[in-house]
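# Analysis of the macromolecular model
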Amino acid sequence: MRSVEEQLALVTAAAVAPRPVRVAISEAQGLLCAEEVVAERPLPAFDQAAIDGYAVRSVDVRVGGASTEGGDGPAGPVTLPVVGQITAGSRQPARLQPGQTVRVDTGAPLPTLADAVLPIGWATAEGRQLTPTRAVRTGDYVRRIGDDVQPGDVAVRAGSIIGPAQVGLLASVGRAKVLVHPKPRMAVISVGDELVDVDGRPGTGQVYDVNSYALTAAGRDAGADVHRVGIASTEPSRLREVLEGQLVRSELVVVSGAAGGEATTRIRQVMAELGQIEVNRVAMHPGSVQGFGRLGRDEVPTFLLPSNPVSALVVFEIMVRPLIRIALGKRQPMRRTVRARTVAPISSVEGRRGYLRGQLMRDTDTGEYLVRALGGAQGSSTHLLASLAEANCLVVIDPVVTTVRTGDEVDVMFLAQRG
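Since we're looking at a predicted model, the values are computed, not measured. Here the residue numbers are simple positions, counted from 1 along each chain's written sequence. Local features in this predicted model are restricted to residues whose pLDDT is 70 or higher, and side-chain atom pairs enter the listing and the counts only when it is 80 or higher, whereas totals over whole chains, interfaces and linings include all residues. With hydrogens and water set aside, each side-chain value is computed from the structure's full complement of heavy atoms.

This part covers the overall build of the chain. A tally of regular secondary structure across the chain gives seven helices and 31 strands. Here the globule rule reads 2.2 Å times residues to the power 0.38, and the radius of gyration is calculated from C-alpha atoms. The globule rule puts the C-alpha radius of gyration for 419 residues at 22 Å, and the 32 Å found for the chain is more than 25% above it. Dimensions along the principal axes, computed over C-alpha positions, put the chain at roughly 100 × 55 × 40 Å. Classification of residues uses two cut-offs on accessible area relative to the type maximum, computed with a 1.4 Å probe and protein chains only: under 20% is buried, over 50% is exposed, and between them is partly exposed. Here the chain holds 419 residues, and the buried ones make up 45% of them. By definition in these notes, contact holds between two residues if any of their heavy atoms fall within 4.5 Å. Residue pairs in contact within the chain that sit at least 24 positions apart in sequence constitute 70% of those at least 6 positions apart. Computed with the Shrake-Rupley method and a 1.4 Å probe, the accessible areas treat only the protein chains shown as cover for residues. Surface summary for the chain: the accessible area is close to 20500 Å², and the carbon and sulfur share equals 49%. His is not counted, nor are the chain ends; Lys and Arg add positive charge and Asp and Glu add negative charge. The location of each charge is read from NZ of Lys, CZ of Arg, CG of Asp or CD of Glu. Looking at charge distribution, the chain has the averaged site of its 45 positive side-chain charges lying 2 Å from that of its 44 negative ones. By the criteria applied, helices consist of DSSP H or I runs no shorter than four residues and strands consist of E runs no shorter than two, each listed in order from the N terminus.

Have a look at this one:
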């Protein structure tokens with residue numbers, strides 16, 4: 001029986017990131033930037049008003065007889081004539097004469113000689129005359145040219161995750177497209193003569209195809225671009241046709257229902273004809289029987305997962321999800337893990353690392369994590385999908401441990417956060 005670490009090392013060694021592609025910045029969110037985006041122009045490109053107000057020369061603004069720059073002036077506050085208005089987007093050059101002011105909107109270009117913006121609430125206006133009631137200094141409420149980005153600055157670095165701020169920065173430096181590492185393409189196939197799609201009606205001995213839907217959702221949650229093939233025929237020539245079609249269009253293929261049972265022999269034979277595939281036992285529970293290999297001309301990483309939905313999803317979390325995260329360029333491909341104290345006893349299978357469904361809580365008084373296992377640890381309960389839907393974590397139990405007492409500390413792996 002292979003250890004989890006050995007199997008995971010084998011899997012992650014096969015990770016290959018798709019070739020970078022250039023996409024519109026509106027489609028780049030969440031992807032890894034594959035180039036150094038260098039600004040060609042300053043940002044802002046011109047001196048502009050940071051707020052609605054009045055463009056002034058700070059030396060002309062006097063309150064109580066003194067200018068804000070420390071110079072002497074006439075006794076009493078100054079009154080400045082308002083000689084015009086500049087709106088955001090104005091392209092007409094303007095020049096401010098000494099002792100004058102111009103009304104400006106947020107983002108409007110400042111007139112020549114203006115070095116500050118007097119906020120609307122800092123002055124009283126009567127007709128076209130403005131009397132400042134508070135002082136301003138040079139640079140107050142002004143966005144200077146190049147304050148944000150200078151020509152030659154790296155706006156977005158290679159290896160950065162493109163989020164909303166990066167998208168905005170790309171737009172601000174005039175980039176309509178950017179080179180990114182795309183999402184790896186993943187195909188999900190279910191096999192099994194007992195399967196019926198969800199729009200059908202199961203007969204005696206038949207069940208709904210749960211896995212292709214659940215694993216597709218898990219792949220998308222991990223960041224992959226997933227194509228759900230659905231139920232594939234187990235007839236060798238037809239199955240081979242389906243597999244070959246997905247291997248040429250995918251960076252990753254997941255097949256469920258082919259990791260255990262006598263009926264899977266011909267399925268494994270078909271896959272073995274397409275490349276190297278190995279099905280063995282891994283020292284984990286649930287999902288010990290699983291397969292991995294590289295199929296097709298491009299040696300596409302291909303997984304065989306159990307038919308049991310809970311086992312399939314757990315194996316996906318431990319083995320498949322890290323491969324997707326590595327292909328996306330994530331520095332930490334594994335889920336976050338914390339230590340938590342158990343609130344009830346937990347049993348696990350001897351000789352296998354347990355990945356048990358659990359509910360993680362936080363003690364409001366101490367701040368420590370608490371965890372409660374859901375369902376049982378033995379094979380009779382691994383089919384309980386409802387308990388996995390209630391889980392927000394996996395409780396990780398060491399292979400040498402069969403019983404965890406109330407109050408003991410265990411490792412807990414976060415699952416997707418809910419609500």
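The rest of the description comes next.
Turning our eyes to something else, we now look at the pattern of salt bridges. By definition, a salt bridge exists where a carboxyl oxygen of Asp or Glu is found within 4 Å of a side-chain nitrogen of Lys or Arg. Counted by the stated rule, this structure contains 21 salt bridges. With its nearest N and O atoms 3.2 Å apart, the salt bridge here joins Arg22 to Glu35. Of this pair, Arg22 sits in strand S1 (residues 21-24) while Glu35 sits in the loop between strand S2 (32-33) and strand S3 (37-38), and the two are 13 residues apart along the sequence. A salt bridge links Asp221 to Arg335; the nearest nitrogen and oxygen atoms lie 3.3 Å apart. Highlighted residues: Asp221 in helix H3 (residues 211-222) and Arg335 in the loop between helix H6 (309-327) and strand S25 (337-342), separated in sequence by 114 residues. When its relative accessible area of 40% is taken as the criterion, Asp221 is described as partly exposed. Here the residues in one salt-bridge network are Arg339, Arg341, Glu368, Glu409 and Asp411, joined through shared partners.

Relative to the elements of secondary structure, Ser212 occurs in helix H3. In protein, a polar contact requires one atom able to donate a hydrogen and another able to accept it; more generally it is a pair of N or O atoms within 3.5 Å, and residues adjacent in sequence count only if both atoms are side-chain atoms. Side chain to side chain, Ser212 and Arg228 meet in a polar contact 3.0 Å long. In contact with Ser212, not counting residues within four places along its chain, are Val188, Ser190, Arg228 and Gly230.

In this section: the sheet that holds strand S24 (residues 300-305). Two strands form a pair only when DSSP identifies at least two bridges running between them. Read across the open sheet, the six strands follow the order S19-S16-S20-S24-S23-S21; overall the sheet is mixed. The sheet terminates laterally at strand S19 (225-232) and strand S21 (275-281), the two strands that pair on one side only. Here the average twist between neighbouring strands, direction ignored, is 15°. The sheet contact formed by strand S23 (residues 289-295) and S24 spans five bridges and is antiparallel. The partner of Gly293 across the bridge, within S24, is Thr302. Running at roughly 165° to strand S16 (residues 185-191), H3 makes contact with S16, S19, strand S20 (252-256) and S24 of the sheet. Lines fitted to the C-alpha atoms define the axes, with helices restricted to the stretch that makes contact. Angles between their N-to-C directions range from 0 to 180 degrees.

Now for H6. To get the bend at a residue, fit one axis to the 7 residues ending there and another to the 7 starting there, then take the angle between the axes. Along H6, the helix axis deviates most sharply at Glu317, where the bend reaches about 45°. Backbone nitrogen of Val310 and a side-chain oxygen of the N-cap are separated by 2.9 Å at the start of H6; the cap is Asn308. Looking at the residues trailing H6, positive phi occurs at Gly329, about 85°.

Quick look at the pairing of S25 now. Bridge count for S25 against strand S31 (residues 409-414) is five bridges, and the pairing is antiparallel. Each residue of the ladder has a partner; that of Ala340, found in S31, is Val410. Two strands pair when backbone bridges link them, and S25 and strand S28 (residues 369-373) are joined in this way by two bridges, in the parallel orientation. For Thr342, the partnering residue across the bridge sits in S28 and is Val371.

With that settled, consider the packing of aromatic side chains. Centre distance and the angle of the planes are the two values used to describe a pair of aromatic rings. Any two of the Phe, Tyr and Trp rings considered here, Trp counted by its six-membered ring, make a pair once their centres fall within 6.5 Å; the pair's planes then place it as stacked at under 30 degrees, edge-to-face at over 60, or tilted in between. Scanning the entire structure with this criterion turns up three aromatic pairs. Seen from their ring centres, Tyr369 and Phe414 are 6.1 Å apart, and the 85° between their planes marks the pair as edge-to-face. In this pair, Tyr369 sits in strand S28 while Phe414 sits in strand S31, placing the two residues 45 residues apart along the sequence. Relative accessible area serves as the criterion here: at 16%, Tyr369 is assigned to the buried category. By definition here, charges over rings are those cases where NZ of Lys or CZ of Arg is within 6 Å of the ring centre and within 35 degrees of the ring normal. Here the guanidinium or amino end of Arg134 rests over the ring plane of Trp122, the centre of that ring lying 4.1 Å away. The residue whose ring lies beneath Arg228 is Tyr213, and the NZ or CZ to ring-centre distance is 4.0 Å.

With that out of the way, let us pick up the sheet that holds strand S11 (residues 123-126). Backbone hydrogen bonds hold the strands of a sheet together, and the pairing may be parallel or antiparallel. A sheet is described by the order of its strands in space; here six strands give the open sequence S10-S5-S9-S8-S12-S11, paired in mixed fashion. Only two strands of the sheet have a single partner each, and these edge strands are strand S10 (116-119) and S11. Each adjacent strand pair in this sheet contributes to an overall mean axis angle of 40°, direction not counted. In terms of strand pairing, strand S8 (residues 80-86) meets strand S9 (residues 101-104) through three bridges, oriented parallel. Considered in S9, the bridge of Gln85 is made with Arg103.

A surface patch of nonpolar side chains, about 270 Å² in accessible area, is lined by Val198, Tyr208 and Tyr213. Structurally, the position occupied by Tyr208 is in strand S18 (residues 207-208). A relative accessible area of 39% places Tyr208 in the partly exposed class. Nonpolar side chains (Val, Leu, Ile, Met, Phe, Trp, Tyr) are joined into patches within 5 Å and like charges within 9 Å, using only residues with over 30% relative accessible area and no salt bridge.

We now examine the packing of helix H1 (residues 4-12) against H6. A pair of packed helices can be characterised by two numbers: the angle between their axes and the separation between those axes. Two elements in contact, H1 and H6, have axes separated by 9 Å at closest approach and are oriented at 35°. For H1 against H6, the interelement crossing comes out right-handed. Taking contact as the criterion, the partners of Val4, Gln7, Leu8, Val11 and Thr12 in H1 are, on H6, Ile318, Met319, Pro322, Leu323 and Ile326. In a left-handed crossing the near helix is turned counterclockwise from the far helix by less than a right angle, and in a right-handed crossing that turn is clockwise.

What is shown is where atoms sit, not what they do.
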